[in-house]
Amino acid sequence: MRARDLMSAPVITVHPWTSAKEAAELLAAHGFTALPVVDDDRLVGIVTEADLIRGRIPADPRYVHEPREATAGKTVGDLMTSPVTAMSTGTDVADLCQALVDARIRAMPIVDGSAVVGIVTRGDIVRVLARDDVDIARDVRHRLEIYGGGGRWGVEVQDGFVHITDQFDDDSDRHVAQLLALAVPGVVAAETAYAGEEQTR
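The structure contained in this document is the topic of the report that follows.

Rules used throughout
- Residues numbered from 1 in each chain as written.
- Predicted model: local features only at pLDDT ≥ 70, side-chain atom pairs only at ≥ 80, totals over all residues.
- Heavy atoms only, no water.
- Core = buried A, V, L, I, M, F, W, Y, C linked by side-chain atoms within 4.5 Å.
- Buried < 20%, exposed > 50% of the residue type's maximum accessible area, 1.4 Å probe, protein only.
- Helix = DSSP H or I, 4+ residues; strand = E, 2+ residues; numbered from the N terminus.
- Pairing = 2+ DSSP bridges.
- Contact = heavy atoms within 4.5 Å.
- Axes fitted to C-alpha atoms, helices over the stretch in contact; angles between N-to-C directions.
- Salt bridge = Lys/Arg side-chain N within 4 Å of Asp/Glu carboxyl O.

Moving on, we come to the nonpolar core. In terms of nonpolar packing, the biggest core is built from 14 residues, with Ile136, Val140, Leu144, Val155, Val162, Ile164 and Val187 touching the most fellow members. Taken together, the elements giving at least two residues each to this core come down to helix 7 (133-148), strand 6 (153-158), strand 7 (161-166) and helix 8 (171-182). Sorting elements by how many residues they give to this core places helix 7 first, with four residues.

Written as structure tokens, this is what we have:
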């Protein structure tokens, strides 16, 4: 799977001069966790929920608090993270996932050159992993039927793990079948076997 298969698009963006209030309204209205920040259609930063809440809620004067920033930024430009990491539409989702985990970030802007064309969040990936096995199996069968014809392939899916049996003893076709299955959203791993060998076990 590639980033283009998973990303939300078109993506809602803000500018450095967008008010923090407006950015918060956009996040709340759409259920987003982050917004790419653009200037002249070029990605210049990202503003997240954490950026927007930092220092924006007044402390209750009835309690003793640790010292804190006196004022919060008024615009996205005051709050955003810049420079920002982004990935291309052709990025392997496995690499994208690793980048999200390693950098401890919740959203990755997807770019075509310097233009933002989408965004992928941890939630997007979790939703793919939560796909029903029946739906995954249907999609895998469909791809295999296009490639090698109907009635040839047996497909079983358990918790995202795909087992494919092939009526023909062809290693090359089974390798292609495995690659096709791995490209289906929700597939965690895929293996293939010659049906004849399984029947003799």
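One open sheet accounts for three strands, arranged 3-4-5; its pairing is mixed. Taken across any chain shown, the strands that pair with only one partner, and hence form the sheet edges, are strand 3 (87-88) and strand 5 (115-121). Pairing of strand 3 with strand 4 (residues 107-112) involves two bridges; the strand directions are parallel. Each residue of the ladder has a partner; that of serine 88, found in strand 4, is valine 111. Contacts between helix 5 (residues 93-103) and the sheet are confined to strand 3, strand 4 and strand 5, with strand 4 contributing the most and set at about 135° to the helix.

This part is about the sheet that holds strand 6. An order of 6-7-8 is seen for the three strands of this open sheet, with the pairing classed as mixed. The sheet terminates laterally at strand 6 and strand 8 (189-194), the two strands that pair on one side only. Each adjacent strand pair in this sheet contributes to an overall mean axis angle of 20°, direction not counted. Sheet analysis places strand 6 next to strand 7, joined by six bridges and oriented antiparallel. Bridge pairing in strand 7 links glycine 154 to threonine 165. Lying over the sheet, helix 7 contacts strand 6 and strand 7, oriented at roughly 155° with respect to strand 6.

Two side chains of opposite charge can pair, provided their charged atoms sit close to one another. Evaluation of the coordinates by the stated rule reveals ten salt bridges. For the salt bridge of aspartate 124 with arginine 127, the shortest nitrogen-to-oxygen distance reads 2.7 Å. A residue pair is termed a helical-turn pair when its members lie 3 or 4 positions apart in one helix, as aspartate 124 and arginine 127 do in helix 6 (residues 122-129) at three residues. Residue classification places arginine 127 among the exposed residues on the basis of a relative accessible area of 54%. Here arginine 138 and aspartate 139 are joined by a salt bridge, their closest N and O atoms 3.5 Å apart. Overlapping salt bridges bring together Arg131, Asp135, Arg138 and Asp139 as one network.

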